[in-house]
Amino acid sequence: DSQPTKGNIAGGLTNSGVISGGGYSVYVDSSSSLDNIAIAGRNTAQFIGDVYAPNTPVTITGNSVYTLGANFSVSRFDNGGILASTPGTSYVISGDGASPTTYNQSTQGIYRVGVNGTNTGSYGSVAVVGDANFDTNSGIDVRLSGTAAGIGAGTVLGNIFNATGTINSSTF
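Below is a summary of the structure that appears in this document.

Quick word on the overall build of the chain
When helices and strands are counted, the chain shows 0 helices and 17 strands. Taking 172 residues into account, the globule formula puts the C-alpha radius of gyration at 16 Å, and the chain, at 17 Å, falls close to it. Counting all 172 residues of the chain, 42% fall into the buried class. Partitioning the contacts of the chain with sequence separation of at least 6, the portion at a separation of at least 24 is 61%. With an accessible surface of roughly 8300 Å², the chain has 48% of that area assigned to carbon and sulfur atoms. The chain carries 5 positive and 9 negative side-chain charges, and their two centres are separated by 12 Å.

Regarding the sheet that holds strand 12 (residues 110-115)
Read across the sheet, 4 strands follow the order 7-9-12-15 without closing on themselves; strand pairing throughout is parallel. Since the sheet does not close on itself, it has two edges, and those belong to strand 7 (65-67) and strand 15 (139-144), each with one partner. Between one strand axis and the next, the sheet turns by 20 degrees as a mean value, whatever way the strands run. Pairing between strand 12 and strand 15: 6 bridges, direction parallel. What sits directly across from Val115, in strand 15, is Leu144.

Observations regarding unusual backbone geometry
For Asn43, which is not a glycine, the phi torsion comes out positive at approximately 70 degrees. Relative to the helices and strands, Asn43 resides in the loop between strand 5 (37-39) and strand 6 (46-60). What makes Asn43 partly exposed here is its relative accessible area of 43%. Although it is not a glycine, Asn63 sits at a positive phi angle of roughly 65 degrees. As for its position among the elements, Asn63 is in the loop between strand 6 and strand 7.

Looking at the pattern of salt bridges
Applying the stated criterion across every chain, the model contains 3 salt bridges. Put simply, Arg76 and Asp78 hold a salt bridge, and the shortest N to O gap is 2.8 Å. Judged by its relative accessible area of 33%, Arg76 falls in the partly exposed class. On the accessibility criterion, Asp78 (16% relative accessible area) is buried. With a shortest N-O distance of 2.8 Å, Arg112 and Asp141 are connected by a salt bridge. With Arg112 in strand 12 and Asp141 in strand 15, the pair connects residues that are 29 residues apart, well separated along the chain. What emerges from the salt-bridge pattern is a single network uniting Arg112, Asp141 and Arg143.

Considerations on the side chain of Thr56
As for its placement among the helices and strands, Thr56 is situated in strand 6. With relative accessibility at 0%, the residue Thr56 sits in the buried group. Of the polar contacts made by the side chain of Thr56, one reaches the backbone nitrogen of Leu34; its length is 2.9 Å. The contacts of Thr56, once residues within four sequence positions are left out, are Ser33, Leu34, Asn36, Ile37, Val74, Ser75 and Arg76.

Here's the deal with the nonpolar core
In this structure, Phe47, Tyr66, Phe72, Phe77, Leu83 and Tyr103 are the most contacted members of the largest nonpolar core, which totals 34 residues. Sorting elements by how many residues they give to this core places strand 6 first, with 5 residues. Each residue touching Leu83, except ones within four places of it in the same chain, is listed here: Ile60, Tyr66, Leu68, Phe77, Ile93, Tyr103, Ile110, Tyr111 and Arg112.

Some remarks on the environment of Ser32
Residue position: Ser32 is located in the loop between strand 3 (18-27) and strand 4 (33-34). The buried category is assigned to Ser32, whose relative accessible area is 14%. When the C-alpha positions of Ser32 and Thr56 are compared, they lie 8.5 Å apart, and in sequence the two are 24 residues distant.

Conventions and cut-offs
- The numbering scheme is per chain: residues are counted from 1 as the chain's sequence reads.
- It should be noted that, the model being predicted, local features are given only for residues of pLDDT at least 70 and side-chain atom pairs only at 80 or more, the latter also being counted only at that level, while totals for whole chains, interfaces and linings use all residues.
- Water and hydrogen atoms were dropped before computing side-chain values, which therefore reflect all heavy atoms in the structure.
- Put simply, DSSP marks the helices as runs of H or I at least four residues long and the strands as runs of E at least two long, and each gets a number from the N terminus on.
- Our radius of gyration looks at C-alpha atoms and nothing else; its globule reference is 2.2 Å times the residue count to the power 0.38.
- Throughout, exposure labels follow a simple rule: accessible area from a 1.4 Å probe, protein chains only, divided by the maximum for the residue type, with under 20% read as buried, over 50% as exposed, and the rest as partly exposed.
- In what follows, residue pairs with any heavy atoms lying within 4.5 Å of each other are defined as contacts.
- Areas reported as accessible are Shrake-Rupley estimates using a 1.4 Å probe. Residue values count occlusion only from the protein chains shown.
- Neither His nor the chain ends contribute to the count of charged residues, in which Lys and Arg are positive and Asp and Glu negative.
- A single reference atom marks each charge: NZ on Lys, CZ on Arg, CG on Asp, CD on Glu.
- Here a strand pair is declared whenever DSSP counts at least two bridges between the two strands.
- To define axes, lines are fitted to C-alpha atoms, for helices over the stretch in contact only, and angles between the resulting N-to-C directions are given on a 0 to 180 degree scale.
- By salt bridge we mean one thing: a side-chain nitrogen of Lys or Arg within 4 Å of a carboxyl oxygen of Asp or Glu.
- Think of a polar contact as two N or O atoms within 3.5 Å of one another; within protein, one of them needs to be a possible hydrogen donor and the other a possible acceptor, and neighboring residues in sequence only count if both atoms come from side chains.
- What we call a nonpolar core is a set of buried Ala, Val, Leu, Ile, Met, Phe, Trp, Tyr and Cys residues that are connected through their side-chain atoms within 4.5 Å.

Quick look at the structure:
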């Protein structure tokens, strides 16, 4: 009666299509890891079910677009493309519960938030349990649904992106 070996699965996983599961689309227990989970494609990658891989980093590859559809419990989340959230959605990027994670956005990275109005729930939201680092000249792209969104000069949209730790950026 042998026990399965736990450890690292070399090569990682690249998603440019649909990965679907019950409660989890990807589940890698906390004593195992993948080299990386790469998100590729121009809004073709979907995770139907949360991603649980607390010892595995996630990367949105350059020139890729990923619209959030799942919560991520991962060791690190690197955005080198476009991470998007749609109006009325709220997702969490975290570690394993005992350890926070880090969100890193490269100079080529963009966090894009869809906005239909000024009330909570009428715009997208991402919460990072840990720190968030934005490279110089990266940033947040706010996409309004038009004049019906009711956004004007001085309008504040709370928590479109928040972190329990520090948010580091030299440009905003």
